[in-house]
Amino acid sequence: MKKDSCQKKMSLVEKLGVHLEAREKLAPVAARILSYIILTGKRGATFEDMVSVLCASKSTISTHLNHLQDLNKIEYFTKTGDRKKYFIIDKNTIIQHVDRMISHWDEERAIHLEIKAYKETQNELKIENNDEKFDLSFHNDYVKFVDEATASVKELREKLISNKFHI
């Protein structure tokens, strides 16, 4: 059972790593390290674990750990009487990602409202044949979707800030 669980974790580390590589513009090893830390959870991943499990050299792991810390994507804690560092995800990196999503959707919403206003003006002033008028239902539905998605993500953000999640 433990071997199967480990294989599933490593498969997911690879899958998430590829995703993070593209989304966060990270080097492949840095993305795998971040994935491994995310999937290890709040107990933390040690340097030694990552060297062993990710099959990379100590210097490579060290370089990418330092880079991820510089980017504020990870942080570490120590345990009394234990000299190891336990790396965990920095909650602020999730909040920053959520903020980027909200900003992106706000821009999308503004563009759609501007396009809709333009089409409304064209429908009223320039287009006389009803068959040729712009259908505005897509823009109405899209703006509604963006508003609902943004509200949901903002709620998630507030829960993160108020420590309702322990990642």
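Preceding this paragraph is the structure being described.
Here's what I pulled together on the structure shown here. Every residue gets a number counted from 1 within its own chain, in the order that chain's sequence is written. Whole-chain, interface and lining totals are the exception, using all residues; otherwise, since this is a predicted model, local features are given only for residues with pLDDT of at least 70 and side-chain atom pairs are given and counted only at 80 or more. Computation of side-chain values: all heavy atoms of the structure, hydrogens and water removed.

1. Considerations on the environment of Lys84
Here is step 1 of the chain: For helices the rule is a DSSP run of H or I covering at least 4 residues; for strands it is a run of E covering at least 2, with both sets numbered from the N terminus onward. As for its placement among the helices and strands, Lys84 is situated in strand β3 (residues 82-89).
Here is step 2 of the chain: Judged by its relative accessible area of 38%, Lys84 falls in the partly exposed class.
Here is step 3 of the chain: Spatially, the C-alpha atom of Lys84 lies 13 Å from that of Ser62, the residues being 22 residues apart in sequence.
Here is step 4 of the chain: Every residue in contact with Lys84, bar those within four places of it in the chain, is listed here: Thr46, Glu48, Phe77 and Thr78. Partly exposed describes any residue whose relative accessible area lies between the buried limit of under 20% and the exposed limit of over 50%, with all areas from a 1.4 Å probe on protein chains only and scaled to the type maximum. A contact between two residues is defined here by any heavy atoms of the two lying within 4.5 Å.

2. Notes on the side chain of Asp90
Here is step 1 of the chain: Considering the arrangement of structural elements, one finds Asp90 in the loop between β3 and α5 (91-125).
Here is step 2 of the chain: As used throughout, the charge tally considers Lys and Arg to be positive and Asp and Glu to be negative, leaving His and the chain termini uncounted. Whenever a carboxyl oxygen of Asp or Glu lies within 4 Å of a side-chain nitrogen of Lys or Arg, that contact is scored as a salt bridge. We note that Asp90 is buried and unpaired, the nearest opposite charge coming from Lys91 at a distance of 7.9 Å.
Here is step 3 of the chain: Discounting chain neighbours no more than four positions away, the residues touching Asp90 are Asn72, Lys73, Ile74 and Glu75.

3. Considerations on the sheet that holds strand β2 (residues 74-79)
The strands making up a sheet associate through backbone hydrogen bonding, with each pair oriented either parallel or antiparallel.
Here is step 1 of the chain: Read from one edge to the other, the open sheet built from 3 strands follows the order β1-β3-β2, with strand pairing classed as antiparallel. Taken across any chain shown, the strands that pair with only one partner, and hence form the sheet edges, are β1 (45-46) and β2.
Here is step 2 of the chain: Every axis in this analysis is a line fitted to C-alpha atoms, fitted for helices over the stretch in contact. Angles between the N-to-C directions lie between 0 and 180 degrees. Contacts from helix α2 (residues 28-40) reach β1, β2 and β3, with the element oriented near 95° to β3.
Here is step 3 of the chain: On top of the sheet, helix α4 (residues 58-70) reaches β2 and β3; it is set at about 110° to β2, its chief contact. One requirement defines pairing of two strands: DSSP has to find at least two bridges between them.

4. Considering the environment of Lys126
Here is step 1 of the chain: Looking at where Lys126 falls in the secondary structure, it is placed in the loop between α5 and α6 (137-161).
Here is step 2 of the chain: On the basis of relative accessibility, which here comes to 60%, the residue Lys126 falls in the exposed class.
Here is step 3 of the chain: Note: C-alpha distance between Lys126 and Asp106 (20 residues apart in sequence) is 30 Å.

5. Focus: the packing of α5 against α6
Here is step 1 of the chain: Running from N to C, α5 and α6 cross one another at 160°; their axes reach a closest spacing of 9 Å. In terms of axis orientation, α5 runs roughly antiparallel to α6. By crossing handedness, the relation of α5 to α6 is classed as left-handed.
Here is step 2 of the chain: In terms of residue class, the contact of α5 with α6 is made up of 17 nonpolar, 4 polar and 10 charged. Oblique is the label for every angle not falling under 35 degrees (roughly parallel), over 145 degrees (roughly antiparallel), or within 65 to 115 degrees (roughly perpendicular). Note on convention: the crossing is left-handed when the near helix lies turned anticlockwise from the far helix by less than a right angle, right-handed when the turn is clockwise. Polarity classes work like this: nonpolar for Ala, Val, Leu, Ile, Met, Phe, Trp, Tyr, Cys and Pro, charged for Asp, Glu, Lys and Arg, and polar for all others, with Gly in that last group.

6. Looking at the packing of α2 against α4
Here is step 1 of the chain: In the contact formed by α2 and α4, the axes pass within 9 Å of each other and the chain directions differ by 75°. The orientation of α2 with respect to α4, classified from their angle, is roughly perpendicular. In this structure, α2 contributes Val29, Ala30, Ile33, Leu34 and Ile37 to the contact, and α4 contributes Thr60, Ile61, His64, Leu65 and Leu68.
Here is step 2 of the chain: Of the residues belonging to the contact of α2 with α4, the class tally is 8 nonpolar, 2 polar and no charged.

7. Quick look at unusual backbone geometry
Excluding glycine, most residues fall at negative phi; most peptide bonds, likewise, are trans.
Here is step 1 of the chain: Phi is positive for Lys25, which is not a glycine, with a value near 55°.
Here is step 2 of the chain: Taking relative accessible area as the criterion, Lys25 reaches 71% and is therefore assigned exposed.
Here is step 3 of the chain: The phi torsion at Cys55 lies on the positive side, around 50°, for a residue other than glycine.
Here is step 4 of the chain: In this fold, Cys55 is placed in the loop between α3 (47-53) and α4.

8. A few points about the pattern of salt bridges
Here is step 1 of the chain: As enumerated under the stated definition, the model contains 10 salt bridges in all.
Here is step 2 of the chain: Two residues, Glu155 and Lys159, come together in a salt bridge whose shortest N-O distance is 3.5 Å. Of this pair, Glu155 and Lys159 both sit in helix α6, 4 residues apart, which is roughly one turn of the helix.
Here is step 3 of the chain: The class for Glu155 is partly exposed, based on a relative accessible area of 47%.
Here is step 4 of the chain: The class for Lys159 is partly exposed, based on a relative accessible area of 32%.
Here is step 5 of the chain: Between Glu158 and Arg157 there is a salt bridge, with the nearest N and O atoms lying 3.8 Å from each other.
Here is step 6 of the chain: Since its relative accessible area comes to 21%, Arg157 is described here as partly exposed.
Here is step 7 of the chain: Within this structure, Arg23, Glu24, Lys73 and Arg100 form a network of salt bridges that share partners.

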